[in-house]
Amino acid sequence: MTIIMLHFANKGAGVYFTQPRPGKNEKIFKALKFKTMTDERDKDGNLLPDAERLTRVGKFVRSTSIDELPQLINILKGDMAFIGPRPLLVQYLPLYSEEQHHRHDVTPGMSGWAQVNGRNNITWTKKFELDVYYVKHISLWMDVRVFFTTIKKVFCREDINTQTGQSATMDYFNGSN
């Protein structure tokens, strides 16, 4: 049902999209997600701002974290794990400090320590601090804790940035925020 709704909401522009993301040891892979925005452009051919392209169906899909489900294929392929630092954009790689690069010492995950401790409602600095903490303290117990906290956060829809008054996507990391 979600796939059909996304097809129509995206005006026939597709239901899935892939995006290159750095994985373990910064090896690039294609992360798969449900497409929650249209490809609408302005008169000059530039994509409209994310907030204008995010569909009502897309907001719902994001607020329920359904958009992450296609990443189960990435897990089956070995590019991702259930738990680990979320894979971020490739263009951030040269902006990381030496300490922040450690987030790539492990396989990225669908959910992680930063997601259950603030997700998109924390600063980039705090997010990286939490990711590196996870890498340094990885254990079965921590993964179990992240797993069950993720379920709680998804059902309660906590710390998701598509709520009223917030931007459609997380601000870009510029190396200092």
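Here goes a summary of the coordinates provided. (Residues numbered from 1 in each chain as written. Predicted model: local features only at pLDDT ≥ 70, side-chain atom pairs only at ≥ 80, totals over all residues. Heavy atoms only, no water.)

1. So, the overall build of the protein
Across its full length, the protein holds seven helices and four strands. Starting at the N terminus, the α and β elements of the protein follow one another as α-β-β-α-α-α-β-β-α-α-α. The C-alpha radius of gyration of the protein comes to 16 Å, within 12% of the 16 Å expected for a compact globule of 177 residues. Along the three orthogonal principal directions, the C-alpha set of the protein runs to about 45 × 35 × 35 Å. Sequence-distant contacts, at least 24 apart, represent 63% of the contacts inside the protein between residues at least 6 apart. Counting only carbon and sulfur atoms, one obtains 58% of the accessible surface of the protein, whose full area is about 10,000 Å². Here the protein holds 24 positive side-chain charges and 19 negative ones, and the gap between their average locations is 5 Å. (Helix = DSSP H or I, 4+ residues; strand = E, 2+ residues; numbered from the N terminus. Rg over C-alpha atoms; globule rule 2.2 N^0.38 Å. Contact = heavy atoms within 4.5 Å. Areas by Shrake-Rupley, 256 points an atom, 1.4 Å probe, with all protein chains shown as cover. Lys, Arg positive; Asp, Glu negative; His and termini not counted. Charge placed at Lys NZ, Arg CZ, Asp CG, Glu CD.)

2. Side note on the pairing of strand E2 (residues 28-34)
Burial analysis of E2 places five of its seven residues in the buried class, which makes it a mostly covered element. For strand E1 (residues 16-22) and E2, the ladder comprises seven bridges, and the chain directions are antiparallel. Across the sheet, residue Pro-20 finds its bridge partner in E2, namely Lys-30. (Buried < 20%, exposed > 50% of the residue type's maximum accessible area, 1.4 Å probe, protein only. Pairing = 2+ DSSP bridges.)

3. What to know about the side chain of Thr-55
Within the secondary structure, Thr-55 sits in the loop between helix H2 (50-53) and helix H3 (56-63). Among the polar contacts listed, one links the side chain of Thr-55 to the backbone nitrogen of Gly-58, at a separation of 2.8 Å. Apart from residues lying up to four places away in sequence, Thr-55 is in contact with Ala-9, Asn-10, Thr-36 and Thr-38. (Polar contact = N/O pair within 3.5 Å; in protein donor to acceptor, adjacent residues only side chain to side chain.)

4. Points about the side chain of Gln-100
Its place among the elements puts Gln-100 in the loop between strand E3 (81-83) and strand E4 (109-111). According to the relative accessible area criterion, Gln-100 is buried, its value standing at 15%. The contact partners of Gln-100, leaving out residues within four places of it in the chain, are Leu-95, Phe-128, Val-132 and Phe-173.

5. Quick notes on the environment of Leu-6
Relative to the elements of secondary structure, Leu-6 occurs in helix H1 (residues 2-9). Separated by 169 residues in sequence, Leu-6 and Gly-175 place their C-alpha atoms 34 Å apart.

6. Some details on the packing of aromatic side chains
Here the structure, examined in full by the defined rule, presents 10 aromatic pairs. Relative to Phe-128, the ring of Tyr-96 has its centre 5.2 Å away and its plane inclined at 70°; by these criteria the two rings are edge-to-face. Here Tyr-96 is found in the loop between E3 and E4, whereas its partner Phe-128 is found in helix H6 (residues 124-136), with 32 residues between them in sequence. Here Tyr-96 matches Phe-128 in class, with each residue buried. Centre to centre, the rings of Trp-113 and Tyr-133 are 6.2 Å apart; their planes meet at 25°, and the pair counts as stacked. In this pair, Trp-113 is assigned in helix H5 (residues 113-116) and Tyr-133 in helix H6, connecting sequence segments 20 residues apart. Of the residues examined, Trp-113 reaches a relative accessible area of 10% and is grouped as buried. Ring pairs connect the aromatic residues Tyr-92, Tyr-96, Trp-124, Phe-128 and Phe-173, which therefore count as one cluster. (Phe/Tyr/Trp six-rings, centres within 6.5 Å; stacked < 30°, edge-to-face > 60°.)

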